[in-house]
Amino acid sequence: MAHALPLRPAARLRRLPPVLAVVAVVALLALPLGPDGGGGAHPADAVSALVVLYGVLRLVRDRRRPLTRRAAAVLGLPVLGLAVAAAGAASPGAGLEGLGRYLQVFVLVPAAVLLLLRDRDDARLLAWATVMLAVWQGAVGVHQYVTATGASYQGEPIRAVGTFGAQDVMGMATVVSLGLVCALGLALGRTPVRHRLLAAGCALALLLPLAVSFSRGAWIATAVTCAAQLLLAGPRRALAVGAAVLAAGVVLVGGLGVGTAMLQERVGSITQVTDAPDQSVTDRYTMWAAAAGMWRERPLTGVGLKGFPEYRDSHASLALSSGSETDGAGAGYQRQPLLSPHNMYLLVLAEQGLLGLVALAGSWLALLALGLRRLRAARRAGGGLDCGLIACGLLVWQLTDFAYADIGGPSTVLTAVCFGLAAWWALGSTTSGGAAAR
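Each value, and the rule that gives it
- Residues numbered from 1 in each chain as written.
- Predicted model: local features only at pLDDT ≥ 70, side-chain atom pairs only at ≥ 80, totals over all residues.
- Heavy atoms only, no water.
- Pairing = 2+ DSSP bridges.
- Helix = DSSP H or I, 4+ residues; strand = E, 2+ residues; numbered from the N terminus.
- Buried < 20%, exposed > 50% of the residue type's maximum accessible area, 1.4 Å probe, protein only.
- Polar contact = N/O pair within 3.5 Å; in protein donor to acceptor, adjacent residues only side chain to side chain.
- Contact = heavy atoms within 4.5 Å.
- pLDDT = per-residue confidence, 0-100.

## Details of the pairing of strand β2 (residues 156-159)
And step 1. For strand β1 (residues 151-153) and β2, the ladder comprises two bridges, and the chain directions are antiparallel. By the bridge assignment for β2, Ala151 is matched with Arg159.
And step 2. Connecting the antiparallel pair β1 and β2 is a turn made up of two residues, with Gln154 showing a positive phi of about 55°.

Set out below in C-alpha cells:
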C-alpha cells in the first residue's frame with residue numbers, strides 16, 4: 001500500500017491560508033513600544049508593505065485578474081486627489097511621505113486584504129485576531145488604570161493606553177473599539193452558539209478598557225456603530241443585546257466602581273463645547289477653524305500633503321495652546337506639538353481641497369453603500385450575516401471616528417486592515433472567484 005509522501009516545507013507554506021499574512025500585521029500591534037513612543041515606523045507597518053508585495057506575487061504566480069473594474073474604480077478613486085495634493089506640497093519629500101501614507105492606508109493595504117481573503121472563514125479569522133488584540137491591549141490598559149501606571153490624566157497616571165504609550169493615547173482606544181465592533185458582529189451572526197457566546201463575552205469585557213481610555217471620540221464612534229449593528233441585525237437581537245449591555249453597564253458603574261468622578265466628568269464634557277470647555281476641546285475647535293481657513297484659501301486643491309503644520313499658525317487664533325502634554329506609562333514628561341486638526345475630513349479638505357475630499361469620501365461612501373446592499377441580501381439568504389455586520393460596522397466606526405480623529409500612530413495600520421475587510425465584503429464577490437459569497 002503506497003504511503004503519501006510528506007509535503008516539502010515550501011509546499012506546506014503554500015497550503016497555509018493567505019489571510020495569515022494579514023493576521024500577522026494585526027498580531028504585531030500587540031508588541032510594546034519603546035519609552036519614546038516608538039518614534040518612526042512600527043513593525044506592523046513594515047509587514048503591511050510585505051503583505052502588499054505578497055498579494056502582488058500571488059497575482060503574478062496565479063495569473064489572475066487583480067481587481068474588477070468596480071473594485072479598481074472604488075479603491076483607486078482617492079489616487080487622483082492624492083497625486084494633485086502631493087504635487088502641491090511644500091517640498092517633494094513631504095509630498096512623497098504623505099502620498100505613501102495615504103496610499104498605504106486607503107489603497108494598497110485594503111486592496112491586498114481584499115485579494116488575500118478567500119472566504120467567510122478567512123474574514124472570521126481576521127475578525128477574531130482583532131478581538132484577541134483588543135482583549136490583550138484592554139487587559140494591559142485595565143492593569144494600568146488599576147495600578148496607576150498609565151498615562152497622565154488630570155495629573156493622575158490612570159489613563160489606559162495599552163502598549164502604545166503616552167505619546168499615542170488614542171492607540172489602545174482605537175484597537176479596543178474595533179475589537180468590540182468585531183466581537184459584536186460575531187455575536188450577532190448565525191455561527192455555532194458557543195462561538196457567539198464567546199464573542200458576546202469579549203464584547204462585554206471590552207467595555208471596561210474602553211471606559212478607562214477616557215477617549216470621548218472612541219466612545220461616540222463605538223456607541224453609534226454598535227447601535228447600527230444591532231438595528232441591522234434585527235429588532236429582536238437589538239433588544240436582547242441592548243439589555244445585556246445595560247446590565248453590564250450597571251455592573252461596571254455600580255459594582256466595580258468604574259463610574260469615578262473623573263469618568264463622569266469626561267462623559268459630561270462631550271456636550272460641553274460652548275459652556276466653559278476644557279483646553280483640549282478649545283484646541284480642537286481652534287484647529288478645525290484653522291483647517292477651514294486653509295481650505296477657503298485654496299478651495300480646490302488645498303495647501304498640499306503634510307501642509308497643515310506649516311500653515312497652522314497663520315490661520316489659528318490665539319486660543320490655541322502651544323502643544324499637548326503627555327506623561328506616564330513608562331515615559332517622562334513631553335510636550336507634543338499639535339500637527340493635525342484631529343478631524344480627518346477637515347484635514348483632507350485643508351491639504352487636498354474639494355478634489356481630494358470628494359475622491360476619498362466618495363470611495364468610502366461607495367464601500368458603505370455596496371456593503372449595506374450586500375448585508376441586506378445576506379440577511380435574506382441567511383448566510384454571512386456576521387461578516388457583513390463586522391465589515392459594515394468597522395466602516396461605520398471609522399467614518400464616525402474621523403469626525404474626531406485622523407490617521408497617525410501605529411494603530412493606523414489596523415485602520416487600513418479594516419478598510420480592506422470592508423472592501424472584501426463590498427467588492428469581493430467577483431474578485432476572487434466568488435469566494436466572498438461562500
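## Topic: unusual backbone geometry
And step 1. The backbone of Ala148 shows a phi angle near 55°, a positive value even though the residue is not glycine.
And step 2. By the element assignment, Ala148 lies in the loop between α6 (120-147) and β1.
And step 3. Take Ala148: its relative accessible area is 37%, and that puts it in the partly exposed class.

## A closer look at the side chain of Thr130
And step 1. Position of Thr130 among the secondary structure elements: in helix α6.
And step 2. Within the structure, Thr130 has its side chain in polar contact with the backbone oxygen of Leu126 (distance 3.0 Å).
And step 3. When sequence neighbours within four positions are dropped, the list of residues in contact with Thr130 reads Val26, Leu178, Gly179, Cys182 and Leu414.

## Things to note about the confidence of the model for the protein chain
And step 1. Confidence in the prediction for the protein chain averages 84 pLDDT; 79% of positions are at 70 or higher.
And step 2. Predicted confidence is poor over residues 430-438, with pLDDT under 50, and the contacts of this stretch with residues over four places away or in other chains come to 25 contacts.

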